[in-house]
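# Observations on chain architecture
Each chain, letter by letter, is given below.
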Amino acid sequence: MIAAMDVASAMQHALELAAFGQGYVEPNPMVGCVLLRDGTVIGEGYHHEFGGAHAEVEALRDAREKGNDPAGCVAVVTLEPCCHIGKTPPCVEALIEAKVEKVVAAMRDPDARVAGQGFARLRDAGVAVEAGVMEAEALRLNAPFTKRVTEGLPWVVAKWAQTLDGKVATSTGDSKWISNEASRRKVHELRARVDAVMVGVGTVLADDPSLTARDVDVRRVARRVVVDRTGRMRAEFPGAKLLTDGGPPVTVIDGELEVGLRRLASEGVTNVLLEGGSTLTGAMLEAGLVDEAWVFVAPKVLGDADGLDAVVGRRCGTIAEAMPFTLEAVEPLGDDVWMRYLV
């Protein structure tokens, strides 16, 4: 009998393993697996890359390579094992064949192709199943995957850098650089693991960005997305880097924002980094399409009444009408401060 604390510790480790797949496994979920026998880890693994072996198979392989027979062990896994044939065979069959005694899962797989059927197949084969251990942590880890498969929308991270008085640019439009080098590097690290980077056409015309990750390890190459309802980019700026640099593909959203995001999700886009200006950010927030915000605050004050605010487009008569955010993390980056919020 495995003590509850042993299983909880193993699940925490499995979640940490799963996170190593971020940026490599999408549009699949991040999954980690730990095999326990009498409180001892005999094998572990995680899903390394899209199309590669799943976490359970990696853990079984690890156990056998170490000379451990997984028969009779407890498989602690962050997500319900799959029961359908995709890029790889079903994980439930691998666990059944290995004769594991019990599967402890953090959460049910929200994918309609699984959605409880993996648990049912295990139980039918005589494998005990327990679900819900550290479920909240697992749900947060794979919130982007869950949103895409259940709502048909990608997870959107809005990012901006602002002064202490909430400005993202001066009255003349100058914004380089509000944040410091460490903050900008963190943004490039985020760009290097998302599926898409999104801006408005105004940002393209004003800044001519490349929207690529630079000087960091690139886990995946993000497509570039431009919201341009009237074709201004091609008409007014045919020499824009996005059109001429030979870089990642460019997708234009020329209609409703939600429709455009649904199209991206249908093409496998799980995470979108929104680096648009204050108007586009405001429109996305108002439409309920932003899930997370990365805010970089620099130790500077403009005091410029005509400076550009971080978000525009909403009108609030009272503070009670303000949009609430939930703080998840804070990190000093030199003199800057990075904050991550759930919207």
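Further up the page is the structure itself.
As the structure is a prediction and not an experimental result, all values here were calculated from the model. (Residues numbered from 1 in each chain as written. Predicted model: local features only at pLDDT ≥ 70, side-chain atom pairs only at ≥ 80, totals over all residues. Heavy atoms only, no water.)

### Concerning the overall build of the protein
Here is the rule we go by: A run of H or I in DSSP counts as a helix once it spans at least four residues, and a run of E counts as a strand once it spans at least two, with each numbered from the N terminus. Categorising residues by exposure relies on relative accessible area from a 1.4 Å probe, with only protein chains included: less than 20% of the type maximum marks a residue as buried, more than 50% marks it as exposed, and the intermediate range marks it as partly exposed. Whether two residues are in contact is decided by their heavy atoms, any of which lying within 4.5 Å being enough. Charged residues are defined narrowly, with Lys and Arg counted positive, Asp and Glu counted negative, and His plus the chain ends left uncounted. A charged residue contributes its charge at one atom only: NZ of Lys, CZ of Arg, CG of Asp or CD of Glu.
Within the protein one finds twelve helices and 15 strands. With respect to the three principal axes, the spread of C-alpha positions in the protein is 70 × 40 × 40 Å. Split into buried and exposed, the 343 residues of the protein put 50% on the buried side. Sequence-distant contacts in the protein: of pairs separated by 6 or more residues, those separated by 24 or more amount to 75%. Within the protein, the 50 negative side-chain charges are centred at a point lying 3 Å from the centre of the 37 positive side-chain charges.

### Focus: the packing of aromatic side chains
Rules: Each aromatic pair joins two rings of Phe, Tyr and Trp (for Trp, the six-membered one) with centres within 6.5 Å, and gets the label stacked for planes under 30 degrees apart, edge-to-face for over 60, and tilted for any other angle. Distance and angle both matter: a charge sits over a ring if NZ of Lys or CZ of Arg is within 6 Å of the ring centre and within 35 degrees of the ring normal.
By the definition in use, this model includes three aromatic pairs. An angle of 70° between the planes, with centres 5.0 Å apart, marks the rings of Trp294 and Trp338 as edge-to-face. Taken together, the residues span a long stretch of sequence, with Trp294 in strand E12 (residues 292-297) and Trp338 in strand E15 (residues 336-342) at a distance of 44 residues. Considered together, Trp294 and Trp338 belong to a single accessibility category, that of buried residues. Look at Phe325 and Tyr341: their rings are 5.9 Å apart centre to centre, the planes differ by 70°, and that puts the pair in the edge-to-face class. Of this pair, Phe325 sits in the loop between strand E13 (308-309) and strand E14 (326-333) while Tyr341 sits in strand E15; the two residues are 16 residues apart in sequence, bridging distant segments of the chain. According to the relative accessible area criterion, Tyr341 is buried, its value standing at 19%. A cation over an aromatic ring shows up here: Arg184 above the ring of Trp177, its NZ or CZ 4.5 Å from the ring centre.

### Topic: the layout of surface pockets
Selection rule: For cavity detection a 1 Å grid was placed over the protein atoms alone, and a set of points counts as a cavity when a 1.4 Å probe fits there but cannot get out; an open set counts as a pocket when protein lies on both sides within 12 Å along at least five of seven lines, with lining residues being those that have an atom within 4 Å of a point. Grid points are joined across faces, edges and corners, and a volume is the space filled by probe spheres set on the points. Charged means Asp, Glu, Lys or Arg here, nonpolar means Ala, Val, Leu, Ile, Met, Phe, Trp, Tyr, Cys or Pro, and polar covers whatever is left, Gly included.
Each pocket or cavity is described by its volume, and for the largest pocket that value is around 1300 Å³. Taken together, 47 residues make up the lining of the largest pocket; nearest its centre are Lys159, Ser175, Thr203, Asp207 and Glu275. For the lining of the largest pocket, the secondary-structure elements that each account for two or more residues are strand E6 (155-162), strand E7 (167-169), helix H7 (181-191), strand E8 (196-200), helix H8 (201-207) and helix H12 (278-286). In terms of residue count, the dominant contributor to the lining of the largest pocket is H7 (seven residues). Class assignment for the residues of the lining of the largest pocket results in 19 nonpolar, 15 polar and 13 charged. When its volume is computed, the second largest pocket comes out at roughly 570 Å³.

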